[in-house]
Amino acid sequence: MRFLALLTALLLPSAASACRLALLLALDVSSSVDDAEYALQRDGLAAALQSPDVVNAIAQDGPIALAIYEWSGRRQSVVVQDWVLLGGAADIAPVAARLQAQTRTYRRYPTALGYALGFGAGLMQRAPSCERQVIDVSGDGVTNDGFGPVHAYRHFPFNDVTVNGLVVLGADPAVLEHFEFEVMRGPGAFVEIASDYTDYEAAMERKLYREIRDRIVGGLSR
């Protein structure tokens, strides 16, 4: 019996090894995001996570690990959802509920993308063991505080980590170029575009689907 139990343990994959993707979502709460825009971002993410396409992608392709944090100034990054394994709608629902109940952690701080990425790299270090690691950064502005993304990538552990972006247009005309040339990193990385915060939910749904299905399609990518 002991031999059979050992054999079964060796042959059956663990929950961690079955994880296809560790996905870390970073939400912008810097001063360029007003309260109405914050609500559209927060509720848009909750809705995108529960969209049929995203739920089906997770259910059909296998579980993913998810964590979420808010970022703004140099030391204003806060975890709002620690790592959780998602296998389907029943796992996603409490995450969406937590998001919808969330009140923003900061509101009057600048845009410190380098610090935000460094925080994300540390959080990714304690993610479950998964086949892929992706940090997904939303933002509507360029770095204006502290060191930039290039220094984060040089000094923090980003080996085998892909960084994608969701750019929200309207607040800063340089934001798309900043994300495309300084934030986006790694094989298959891409930037999704929202025309404004009312478009955030649709853009997030498209991006989550691409990341979960590991699809490389047209658009800004390198």
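## Points about the packing of aromatic side chains
Then, in step 1: In the structure shown here, the tally under the stated rule is six aromatic pairs.
Then, in step 2: Pairing Tyr106 with Tyr109 gives two aromatic rings, centres 5.3 Å apart and planes at 90°, and the pair type is edge-to-face.
Then, in step 3: Measuring from centroid to centroid gives 6.2 Å for Tyr197 and Tyr200, while their planes differ by 20°, and the two rings are stacked.
Then, in step 4: Since its relative accessible area comes to 0%, Tyr200 is described here as buried.
Then, in step 5: Chaining the aromatic ring pairs together yields one cluster made of Tyr115, Phe147 and Phe156.
Then, in step 6: The ring of Tyr153 has Arg185 lying over it, and the distance from NZ or CZ to the ring centre is 5.4 Å.

## Here's the deal with the pairing of strand 5 (residues 161-168)
Then, in step 1: Taking burial as the measure, the eight residues of strand 5 include eight buried ones, the bulk of the element.
Then, in step 2: Of the two faces of strand 5, the one lined by Val161, Val163, Gly165 and Val167 and the one lined by Thr162, Asn164, Leu166 and Val168 are each fully buried.
Then, in step 3: As paired elements, strand 4 (residues 132-139) and strand 5 share seven bridges and run parallel to each other. Note that in strand 5 the partner of Ser138 across the bridge is Leu166.
Then, in step 4: With helix 6 (residues 149-155) bridging strand 4 and its parallel neighbour strand 5, the resulting β-α-β unit is right-handed.
Then, in step 5: Relative to strand 6 (residues 190-194), strand 5 is paired through four bridges, and the arrangement is parallel. Paired with Gly165 across the strands is Val191, a residue of strand 6.
Then, in step 6: Taking the sense of rotation as the criterion, the β-α-β connection linking strand 5, helix 7 (residues 175-183) and strand 6 turns out right-handed.

## What to know about the state of the cysteines
Then, in step 1: Applying the stated rule across the entire model yields one disulfide.
Then, in step 2: Covalently, Cys19 is tied to Cys130 through a disulfide, its sulfur atoms 2.0 Å apart. A torsion of 80° about the S-S bond marks the disulfide between Cys19 and Cys130 as right-handed. Placement of the pair is Cys19 in the loop between helix 1 (2-11) and strand 1 (21-28) and Cys130 in the loop between helix 5 (113-125) and strand 4, with a sequence separation of 111 residues. As far as the burial class goes, Cys19 and Cys130 line up, both buried.

## Thoughts on the packing of helix 3 (residues 52-61) against helix 8 (residues 200-213)
Then, in step 1: Viewed as axis vectors pointing N to C, helix 3 and helix 8 meet at an angle of 10°, and their least axial separation amounts to 9 Å. When the axis of helix 3 is compared with that of helix 8, the two are roughly parallel. For the pair formed by helix 3 and helix 8, the contact residues are Asp53, Val54, Ala57, Ile58, Gln60 and Asp61 on the first element and Glu205, Leu208, Tyr209, Ile212 and Arg213 on the second.

## Considering the packing of helix 2 (residues 35-49) against helix 8
Then, in step 1: The geometry of helix 2 relative to helix 8 is characterised by a closest axis approach of 8 Å and an angle of 40° between their N-to-C directions. The angle between helix 2 and helix 8 falls in the class oblique. Crossing geometry of helix 2 relative to helix 8 is assigned as right-handed. In this structure, helix 2 uses Leu40, Gln41, Gly44, Leu45, Ala47, Ala48 and Leu49 to contact helix 8, whose residues at the interface are Tyr200, Glu201, Met204, Glu205 and Leu208.
Then, in step 2: Class assignment for the residues of the contact of helix 2 with helix 8 results in eight nonpolar, two polar and two charged.

Calculation criteria
- Residues numbered from 1 in each chain as written.
- Predicted model: local features only at pLDDT ≥ 70, side-chain atom pairs only at ≥ 80, totals over all residues.
- Heavy atoms only, no water.
- Phe/Tyr/Trp six-rings, centres within 6.5 Å; stacked < 30°, edge-to-face > 60°.
- Buried < 20%, exposed > 50% of the residue type's maximum accessible area, 1.4 Å probe, protein only.
- Lys NZ or Arg CZ within 6 Å of the ring centre and 35° of its normal.
- Helix = DSSP H or I, 4+ residues; strand = E, 2+ residues; numbered from the N terminus.
- Pairing = 2+ DSSP bridges.
- Right-handed = clockwise from strand over helix to strand, strands pointing away.
- Disulfide = S-S within 2.5 Å.
- Axes fitted to C-alpha atoms, helices over the stretch in contact; angles between N-to-C directions.
- Parallel < 35°, antiparallel > 145°, perpendicular 65-115°, else oblique.
- Contact = heavy atoms within 4.5 Å.
- Left-handed = near helix turned anticlockwise from the far one by under 90°.
- Nonpolar A, V, L, I, M, F, W, Y, C, P; charged D, E, K, R; others polar.

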